[in-house]
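Close look at the chain arrangement
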Amino acid sequence: MDKEHEVLLNAFVIAKKRYRVFYNAGILVWEDESSKKAKTTVPITDVLSVSVSKLPHANGKQWMKRSKAAAAAAAPPPPHPPAAAIVRNEAHGSLDSDRIPVLSGSTTTNTLATTSSNIPHNHSNRGSLNDLSDDDRREASDYLDAGTIQAADFKYLILHYAALVCQKTNRWRVRAVALHNSEPRLVELWYNRLSSDLRDQNRPKHLLLFLNPYGGKKNALALYERYAKPLFRLAGVDINLIITQRAQQIYDIVTSKSILLDNYDGLVCCGGDGTFAELFNGLVTRTMMDCGIDIKHPAYLPKPNIPIGVIPAGSTDTVACCLNGTTDIKTCIIHIILGQHSGLDISAVYSADAATKCDEGASPAGTGRPRPQLLKLFASALSYGYLGDIAYDSEKYRWMGPKRYDYSGFKKFLANRGYNAEIVVHLDRRGKQDPNDGVRCLDKCARCRKAKYGRDCGGERASYEDDDTEPLVVRGKFLMVSGANISCSCERSPQGFSPYCHLGDGLLDLVLVRHTSMFNNLRLLLTMTSKTKKLSELPFVEIYRTKEFRFTANGQSETNGGEIAPAISSEMMRRSKWNCDGEVLLDTNIIVESNCQLIQVFRRGILPAGTAGNGGIDQRAAATNPADDKESCCFGLCN
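Residues numbered from 1 in each chain as written. Predicted model: local features only at pLDDT ≥ 70, side-chain atom pairs only at ≥ 80, totals over all residues. Heavy atoms only, no water.

For the protein chain, an unreviewed UniProt entry supplies the name DAGKc domain-containing protein and the organism Anopheles coluzzii.

Rendered as structure tokens:
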């Protein structure tokens, strides 16, 4: 009988109660025999790890505190280890990372023991069984794999699985359950079956992780040690950690030919939006180099075949918030471990000045119109004017940490500077792309799925000659011009620039804020921090959904009649800088083009309101005590 039709049905004891446990077609269900309302359903796609144990520990084995490790190692091991107390909700123990130890040794070593054959020689891979303390060696005897289960008397099957504990905040947590059966043969049968199905999930087992210790509040290393490292170890994910020491180091490492990206199942960064931008800029550049494409004037941008992820540890973490619906670090780590990924649009910034020079010269034979110079790629937003001034001015106050943005923002708000510009927007000729359509990008988004399989996702698509669009010229004096590749929502701005901007539809939302009075600027700031109001509701804000746009500072480009604009005053000659994913871009005149789902990112779709967790499969705790349910929901973080 094949796996799809094979059914496992046995009785197990969970927290001194008999449960009927059922598993078929990737769905695991345990139900209290005395109360059918106490039922929990978990798909195999949400299970992080399966193990066997001689003891009913919710965490799989009894971890000992590091402070007592030396004393315990010197003492002889007891013949029968004392049973530890089960967590407060035994049937659904919540995995608190504080209760999981971290391997001793340098943080630059691997989290797990691995062989060095799959790791490039220029990166540290010193983690091995020798790094384990005597306590870890002794405890490992109670936590074995299928190769030794037949020779041991294991009567507990330990499951760790992910659960959506609060849909309002999109927070996921790891829960544990210990299933007891007096027959080791049945425990072995269930363990082998679940382990086999877990191996079929095609989850990442080898990750290259870059950590930026200087971003945000400069606590990325502490967050990694406390949350990421234990969870990766629990799921059996091998981490090769690189702690960066300077800007653009991630870009230099990824684009270096000395590192073999094929040895890894994914690339992950721990930091803010700037760290994530370094990672995918380097990955796309490396892919162009491997394909033999000119990285300065690429004919098209190839799609990398390796997914990437982000562990939020920055100031705003806009990308992580839009991908996962939250900046909760545990949730983002769980999504990386589970391995599901989807496409993310990446917008390319080209030099408009270089494009003009190329148009004036002769085109190279066989290549048609020359492509402009590629300046940068961005995933969240590209902003000119107010936010560009903040990014440029805040560089002088890095010693202030995240507070430098508030200080520079206050200064630029009082200055109330406007900038003359001309923007050419390429809009859908059919008028179907409405940035205020009220459709958010959620799980199994129909628009993103249609864009993925539609003709607009071709890698060599010539967007400049797209017959489905028509240009619209917008001129004036603007406080801010922003191209939003995603909604850009975060804790400081719950609605973001454009709440209905999608992650993978191949389009970006152009937000134009006209220069206006100080009072209207205050309205703008209050709207950006509001949980209900949107920028599109303001009369001096215009939003366009487009595939590409061209920006020219001061509006000095030629008019439709071919006449050159007259000389302008010194005030009109004033120019701002571009804020590109938190990095200052000095080129002013640019062309921005969206690339449909250029990269794959580790994430699970944000569930719509009123939908059960785990892909629509309901999870209900077996505990009937309301206090236990309230305590387990988000661990009090959402109260």
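1. Topic: the packing of aromatic side chains
The cut-off we apply is this: Only rings of Phe, Tyr and Trp enter the pairing, Trp through its six-membered ring, and a pair is recorded when the two centres are within 6.5 Å. The plane angle decides the type: under 30 degrees is stacked, over 60 is edge-to-face, the rest tilted. Note on conventions: DSSP H or I runs of at least 4 residues are helices, E runs of at least 2 residues are strands, and numbering of each starts at the N terminus. Each residue is assigned to one of three classes by its accessible area relative to the maximum for its type, calculated with a 1.4 Å probe on protein chains only: buried under 20%, partly exposed between the two thresholds, exposed over 50%. Two thresholds decide whether a charge sits over a ring: the Lys NZ or Arg CZ must be within 6 Å of the ring centre and within 35 degrees of the ring normal.
According to the stated counting rule, one finds 7 aromatic pairs in the structure shown. On the numbers, 5.7 Å between centres and 70° between planes, the contact of Trp 30 with Tyr 161 is edge-to-face. Of the two residues, Trp 30 sits in strand S3 (residues 27-32) while Tyr 161 sits in strand S7 (residues 156-166), which places them 131 residues apart along the sequence. Take Trp 30 and Tyr 161: they sit in the same class, and that class is buried. Put simply, the rings of Tyr 384, Tyr 419, Phe 551 and Trp 578 touch in pairs and so form one group of aromatic residues. Above the ring of Tyr 392, the side-chain terminus of Lys 577 is found at 4.7 Å from the ring centroid.

2. Description of the pairing of strand S18 (residues 508-514)
Applicable threshold: For two strands to count as paired, DSSP must find a minimum of two bridges between them.
Among the 7 residues that make up S18, 6 are buried, leaving the element largely enclosed by the rest of the structure. Judged from the 6 bridges that link them, S18 and strand S19 (residues 541-546) form a sheet pairing that is antiparallel. If you follow Leu 512 over to S19, its bridge partner there is Glu 542.

3. Focus on the pattern of salt bridges
Formally: Here a salt bridge means any side-chain nitrogen of Lys or Arg lying within 4 Å of a carboxyl oxygen belonging to Asp or Glu.
Taken as a whole and judged by the stated rule, the model has 18 salt bridges. Note that Arg 193 is salt-bridged to Asp 197, the shortest N-O span being 3.3 Å. Pair noted here: Arg 193 and Asp 197 are both in helix H4 (residues 184-199), with a separation of 4 residues, about one helical turn. Taking the relative accessible area as the measure of exposure, Arg 193 reaches 7% and is therefore buried. Since its relative accessible area comes to 9%, Asp 197 is described here as buried. The partner of Arg 246 in a salt bridge is Asp 252, and the shortest N-O contact between them spans 3.0 Å. Using a relative accessible area of 47% as the deciding quantity, one classes Arg 246 as partly exposed.

4. A short note on the nonpolar core
Put simply, the rule reads: For the purposes of this section, nonpolar cores are sets of buried Ala, Val, Leu, Ile, Met, Phe, Trp, Tyr and Cys residues that join through side-chain atoms within 4.5 Å. For the purposes of this description, domain bounds are those given by an automatic or database domain assignment. Throughout, a residue-residue contact means that at least one pair of heavy atoms, one from each residue, lies within 4.5 Å.
In this structure, Phe 276, Leu 344, Phe 497 and Ile 599 are the most contacted members of the largest nonpolar core, which totals 64 residues. Of the residues forming this core, the biggest block, 7 residues, is contributed by helix H7 (residues 273-290). When residues are assigned to domains, this core turns out to be shared by domain 2 (203-339) and domain 3 (345-357 + 371-453 + 468-556 + 574-596), each giving three or more. With residues near it in sequence (within four places) discarded, Phe 497 still touches Ala 381, Ser 383, Leu 387, Met 480, Ser 482, Ala 484, Ser 487, Cys 488, Val 511, Met 528, Leu 535 and Ile 543. Within the second largest apolar cluster, 33 residues are counted, among which are Leu 164, Leu 209, Ile 333 and Leu 607.

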